[in-house]
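# Structural overview
Listed below, chain by chain, are the residues.
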Amino acid sequence: MNPLRMPFWGVEWAWLFYLLATLALAVLALGLWEKIALWAQGRRAAPVASHSHPLGAVLADVFLGRRIWQGGRTAGLMHLMLLWGFLGLFVGTCAVAVDHYLISFLQGRVYLWFSAGLEACGLLLVLGLMLALARRWLLPVPRLERRPDDTLLPLWLLAVACGGFMVEAARLAATRPPWEAWSFVGYGLSGLFPSAVAAREAFPWLWWSHALISLGFIAWLPWSKLAHAIAAPASLYLQGQPLAVLAVAAEEGDLAALGLRHLLHLDACTRCGRCVEVCPAAQAGEPFSPRDLLRRARRQARLKYSPLYRLPWLRGRRQALLERDRAADWEAAWYCTTCRACLEVCPVQAAPIEMIRKLRAGLVEQGSAVPPQLMDTMEKLFRYGNPWVAKKGAKAGWAQGREIPDLNKKGAEADWLYFVGCTTAIDTRAQGIARALSDVFIHCGVSFGTLGKKEPCCGDIARRLGEQGLMEEQIEATQALLNKQGLTRIICTSPHCFDTIKKVHPLFSEEGLPLQVLHYSQMLHRLWQQGRLIFDHPLPIKVTYHDPCFLARHNRLVDEPRDLLRAMPGLELVEMADHGLNSLCCGGGGGRMWHEIPGQANLAVRRLEQAASTGAELVVTACPLCLIMLEDARKTGGFEDKFAIIDLSELAARALGLAATDREAAVNP
Amino acid sequence: MKILVLVKNVPEVAEAELEIDQGALDLEDLEMVVNEWDNYAVEEAVRITEASGGEVHLMTLGGEDDEDVLRRGLAMGAHAASHLCDEAFEGSDPATVARIFAAAVKGGGYDLILTGVQSADLGQASIGVLLAQELGLPHATMAIALEPSAGEVVVTRELENNTSEKVALPLPAVVTVQSGINQPRYVSIMGIRKVRKMTIEQIEADDLSLAEDALGAAASMVASQSLVLPPMGDGAQMLEGGLDSVCDQAAAILREKGGLA
Ligand code: SF4
Ligand code: SF4
């Protein structure tokens, strides 16, 4: 006898099955249609650029689950089992349909291998599901939630898979075909049936329950978080879209008005919680979670734009839910430090950092939910070009006693513009960076000048706070000034200015001169490589280096500062638990430097606890905001007799024996 | 409800280094901002109309640059604005300013006229009251809550020591608004850009039915004589020098006076 598949073996009422299947497919189609309608709406709101991520990398991320492995091996293994098990069964089911309705090819050896393959996939799926359930219930992974559908979904799928095996087992037990061992799982289970007759009697029951559970599952697919099967690859493909100049529509301060890419992110998120695990705000116990923000955004997008919610009897509920979410978002909007830790670990590149900026932009346009302190900051930025003092011309004070060319002046020339930045120019602690750095530059013979009192704000803070109009205005003003003076080579003190001038300014200066923008650590690194910066004063001291988010994660600069530290004679570098791309944010980004939020935690203290456990005598960083945050936390968190905080530039000055920096005292607490 | 809000552009002085130039504040290095109390008044008016309809009209008296204060108010949600701008208005004392406003307001059909309790620069706290007098309208000062209804407004007035008084005024009425009555909204740059094209009614002296000698310094009974910056206090000692040297000196003084053990 030629081995072959037996469709509908022993099952009556096939018509009923077809009816139910049509129903299930209709619900599936409705779910897909709703998503597509939403996505289409998003495309109208903000189309995606044609640029996209390299396909090979995307495929590797999707089919090998690379980013999932990076976050944990069990998770990687589980996902791989589920993915390949599910995929195998899906392809298998399609093959069966083709065999049944189009060309019959599942016979003979092909059929046998096919059966064995499906068995393996089913087994993989079952094991994967058990692992998934175990990770939630037996070896609880703290970042995982236990919402009803988190358990129901794997249980349901488990019922589908086990039901399939049982149906097969009953068929084998009833018919005992000679090739039964190829279906090794079903064959193994077939022993559960005492006799062929019993198996025959049980068969229709098993078949129908399997059919119903499976159809239910199919219907549920697009409505469940398995929708990530479509959205996650799309989200990965669309990662790293080029920055665009966003037209700011008044967005009513909610997250509903998102573009296609963001909507895909919302469906791609599987609530794995990795973002929550690394988010400095969430970790410190603040009432904020990037995952919740995404969940609310998803619900809002549906409520606002889903065709389903336009049905009259859902309208009332829609309004109530929208109001509730909006209030929660208004609160949540300001906790994020824009540190990018979430995006770094998110397996599907969906973490909400950009969405938070959109949310803020909406709130800023709408006006009434902006925290008063931030209003004050933005008004200072607007009127005085800095977030610190309501006074003009406050940016030159740090340079007193130093002869630094003012590049506003006619005839003043220099190879480099040193862009000091608001905080470094004004804050008394951070001014030490500017003084140390200019001393180092002078020592190395770098030709540089500043814009002195007239230095504009680069627009970074406005950008982070969502004050899009102010950001544009500041960028245009800065660009106009740079163009007028013919300045194209820029060194920034702050990683924040650096990030904005490097990435956003070019979008605003089409006719402008091409900019070459460096963070000062890059400049020092260059000088060191060229042999112009030779550290000749021994510093027998143990230091640890705090990576500023905007150097490490946002700009991938982790080696340069470390090279410099290692080049300092006598100095020993030890690393904190979180370092490099995994650095833990000091809490000063995203405008939080200028804002006290109810319920806020001192994020920098958590960072210093890590520093303390390294036994370092000195914590080095390379950002004025980090410097201030860490310095404050050192005082308020009781670390004063443990270590000092110093900027890389200040340490470099010391290693050159340039003791003139009047902040030297900070090194010797 | 048709609400008029009187607003004023004032120099922001809190953190600035002030200089006096010919008896007046040198505005060169100062930024002009909306008078804080007026900002609360605009917000309150906008909220009232947002809740129950109507329109908000703004009015200011000042130089050409002072138009900014009106744009800002329009961006907050006001519907129209008038700018009283004429050299003839210069040098007016509060009573004269109130007279000019009264002439401009007449026939406007306003139900409610709001303004700040006082202005940050001159602090006379009198325009609202004098205007009510000129127009023959009832007035209430120091409002920390407003409940307008048909034909009436109930005003909660702030008194000393956390007490307050509720008064009812028939409309139309003039109310001066205390700070803290609300939390004024943020006005974004985009918001201001969006109202850039709105026309602002320009009102000159000739447009008002006022005699020439009822305007400006000539009509004023009070004239500013001089402006004096706070004298350096006797107790203060200014330390000179760089940061390190200042710190050393401060530490030495503390040690000397027994402040450091
Ligand atoms: S945003 Fe990314 S990291 Fe966060 S829960 Fe969703 S999938 Fe996980
Ligand atoms: S960017 Fe940083 S602070 Fe913001 S949500 Fe992500 S992890 Fe949290």
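For the structure, check the block above.
For every chain, the first residue of its written sequence is number 1, and the numbers climb from 1 along that sequence. Starting at A for chains and at 1 for ligands, labels are handed out in the order in which the entities are written. A pLDDT threshold of at least 70 governs which residues receive local features in this predicted model, and a stricter bar of 80 or more applies before side-chain atom pairs are shown or counted, although totals over entire chains, interfaces and linings include all residues. Processing note: side-chain calculations cover all non-hydrogen atoms of the structure and skip hydrogens and water entirely.

### Concerning the overall build of chain B
Counting from the N terminus, the helices are DSSP H or I runs at least four residues long and the strands are E runs at least two residues long. Looking only at helices and strands, chain B features seven helices and 13 strands. Principal-axis analysis of the C-alpha atoms gives chain B an extent of 70 × 40 × 40 Å. With a 1.4 Å probe rolled over the protein chains alone, any residue whose accessible area is under 20% of its type maximum counts as buried; one over 50% counts as exposed, and the rest are partly exposed. A buried classification covers 42% of the 261 residues belonging to chain B. Throughout, a contact is declared for two residues whenever any of their heavy atoms are within 4.5 Å. In chain B, the proportion of contacts linking residues at least 24 apart, taken out of those at least 6 apart, comes to 69%. Residue-level accessible areas treat just the shown protein chains as cover; the underlying method is Shrake-Rupley with a 1.4 Å probe. As displayed, chain B has an accessible area near 14000 Å², and 49% of this comes from carbon and sulfur atoms. For this count, His and the chain ends are skipped, Lys and Arg are scored as positive, and Asp and Glu as negative. For this purpose, a charge sits on NZ of Lys, CZ of Arg, CG of Asp or CD of Glu. In chain B, 16 positive and 43 negative side-chain charges are present, and the distance between their average locations comes to 9 Å.

### A word on the nonpolar core
The tendency in soluble globular proteins is for nonpolar side chains to be buried as a group. Only buried Ala, Val, Leu, Ile, Met, Phe, Trp, Tyr and Cys residues count toward a nonpolar core, and they belong to the same one when joined by side-chain atoms within 4.5 Å. Core analysis: the largest hydrophobic core is formed by 142 residues, its most contacted members being Leu-524 and Met-568 of chain A. For Met-568 of chain A, the residues in contact, after removing those within four places along its chain, are Phe-535, Leu-539, Leu-648, Leu-651, Ala-652 and Ala-655 of chain A. The next biggest cluster of nonpolar side chains, apart from the first, holds 34 residues, and it includes Val-7, Met-76, Ala-78 and Val-153 of chain B.

### Looking at the sheet that holds strand S6 (residues 572-574) of chain A
Residue and element names in this part refer to chain A. We treat two strands as partners when DSSP finds at least two bridges between them. Strand order in the open sheet formed by four strands is S6-S5-S7-S8, and the pairing between neighbours is parallel. Edge positions in the sheet fall to S6 and strand S8 (644-647), since each of these pairs with one other strand and no more. Here the strands of the sheet are splayed against their neighbours by 35° on average, with no regard to which way each runs. Across three bridges, the pairing between strand S5 (residues 542-545) and strand S7 (residues 618-621) is parallel. Looking at S7, one finds that Val-543 is bridged to Leu-618. Throughout, an axis means a line fitted to C-alpha atoms (over the contacting stretch in the case of helices), and angles, computed between N-to-C directions, take values from 0 to 180 degrees. Helix H29 (residues 648-655) contacts S7 and S8 of the sheet and is inclined by roughly 85° relative to S8.

### Brief notes about the site of ligand 2
Nearness is judged by heavy atoms alone; a residue qualifies as near a molecule or strand once a single heavy atom is within 4 Å of it. If you check the shell around ligand 2, you find Cys-279, Pro-280, Phe-288, Pro-290, Cys-336, Thr-337, Thr-338, Cys-339, Arg-340, Ala-341, Cys-342 and Ile-353 of chain A and nothing else. In this count, Pro and Cys sit with the nonpolar residues alongside Ala, Val, Leu, Ile, Met, Phe, Trp and Tyr, while Asp, Glu, Lys and Arg are called charged and the others, Gly among them, polar. Residues belonging to the shell around ligand 2 are distributed by class as follows: nine nonpolar, two polar and one charged.

### A look at the packing of aromatic side chains
A pair of Phe, Tyr and Trp rings is counted when the ring centres sit within 6.5 Å of each other, with Trp represented by its six-membered ring. The angle between the planes then sorts it: under 30 degrees is stacked, over 60 is edge-to-face, the rest tilted. Applying the stated criterion across every chain, the model contains 14 aromatic pairs over all chains. Taken together, a centroid distance of 5.6 Å and an interplanar angle of 15° make the contact between Phe-639 of chain A and Phe-643 of chain A stacked. With respect to class, Phe-639 of chain A is no different from Phe-643 of chain A; both count as buried. Put simply, the rings of Phe-17, Tyr-18, Trp-207 and Trp-208 of chain A pair up and form one aromatic cluster. Placement of a positive charge over a ring is assigned whenever Lys NZ or Arg CZ falls within 6 Å of the ring centre and within 35 degrees of the normal to the ring plane. One cation-aromatic arrangement involves Arg-489 of chain A over Trp-416 of chain A; the distance from NZ or CZ to the ring centre is 4.2 Å. Above the plane of the ring of Tyr-110 of chain B lies Lys-2 of chain B, whose end atom (NZ or CZ) is 5.0 Å from the centre.

### What about the interface of chain B and chain A?
A common way to express how large an interface is: the accessible area buried when the components associate. Each partner contributes residues to the interface: chain B has 24 residues there, and chain A has 28 residues. Buried area: the sum, over both parts, of the accessible surface (1.4 Å probe) that disappears when the two are put together. In total, chain B and chain A occlude about 2200 Å² of area from one another, counting both sides; carbon and sulfur atoms represent 50% of this. In this structure, the salt-bridge partner of Arg-193 of chain B is Glu-472 of chain A, at a minimum N-O distance of 3.4 Å. Any pair of N or O atoms that falls within 3.5 Å is considered a polar contact. Within protein, one atom must be able to donate a hydrogen and the other to accept it, and sequence-neighbouring residues count only if both atoms are side-chain atoms. Taken together, the links from chain B to chain A amount to 11 residue pairs in polar contact (both at pLDDT 80 or more). The salt bridge criterion pairs a side-chain nitrogen of Lys or Arg with a carboxyl oxygen of Asp or Glu, the two atoms within 4 Å.

### Remarks on empty space enclosed by the protein
Residues and elements named next belong to chain A. Buried and open spaces are told apart on a 1 Å grid over the protein atoms alone, a cavity being a set of points where a 1.4 Å probe fits but cannot get out and a pocket being an open set with protein on both sides within 12 Å along at least five of seven lines. Residues with an atom within 4 Å of a point are the lining residues. Grid points are joined across faces, edges and corners, and a volume is the space filled by probe spheres set on the points. Taken as a whole and assessed by the stated rule, the structure comprises eight cavities of 30 Å³ or more. Each pocket or cavity is described by its volume, and for the largest cavity that value is around 190 Å³. Elements represented by at least two residues in the lining of the largest cavity include exactly helix H18 (422-426), helix H20 (460-465), helix H22 (495-503) and helix H28 (624-636). For the lining of the largest cavity, the residue count by class is 11 nonpolar, nine polar and two charged.

### Examining a nonpolar patch on the surface
Residue and element names in this part refer to chain A. Note that patches include only residues with greater than 30% relative accessible area and no salt bridge, and the join distances are 9 Å for like charges and 5 Å for nonpolar side chains (Val, Leu, Ile, Met, Phe, Trp, Tyr). On the surface, a nonpolar cluster with roughly 690 Å² of combined accessible area is contributed by Tyr-18, Val-98, Tyr-101, Leu-102, Ile-103, Phe-105 and Val-110. Ranked by residue count, the leading element in the nonpolar patch is helix H4 (residues 73-102), at three residues. Mapped onto the secondary structure, Tyr-18 falls in helix H1 (residues 14-45). A relative accessible area of 35% means that Tyr-18 is categorised as partly exposed.

### Some thoughts on a positive patch on the surface
On the surface, a cluster of positive charge is contributed by Lys-409, Lys-410, Lys-453, Lys-454 and Lys-484 of chain A. Along the polypeptide, Lys-484 of chain A turns up in helix H21 (residues 468-485).

### Brief notes about the pattern of salt bridges
Residue and element names in this part refer to chain A. Going through the model one piece at a time under the given rule, you end up with 46 salt bridges over all chains. Between Asp-149 and Arg-271 there is a salt bridge, and its shortest N-O distance comes to 3.5 Å. In this pair, Asp-149 is assigned in helix H6 (residues 148-175) and Arg-271 in the loop between helix H10 (260-268) and helix H11 (274-278), connecting sequence segments 122 residues apart. Between Arg-556 and Glu-344 there is a salt bridge whose closest N-O contact spans 2.7 Å. Of the two residues, Arg-556 is situated in the loop between helix H25 (549-552) and helix H26 (559-567) and Glu-344 in helix H15 (residues 341-345); the sequence distance between them amounts to 212 residues. A residue is classified by how much of its surface remains accessible, and Arg-556, at 44% relative accessible area, is partly exposed. For Glu-344, a relative accessible area of 17% puts it in the buried group. Via salt bridges that share partners, Glu-145, Arg-147, Asp-149, Asp-150, Lys-225, Arg-271, Arg-291, Asp-292 and Arg-295 belong to a single interconnected network.

Nothing here speaks to function; it is geometry throughout.
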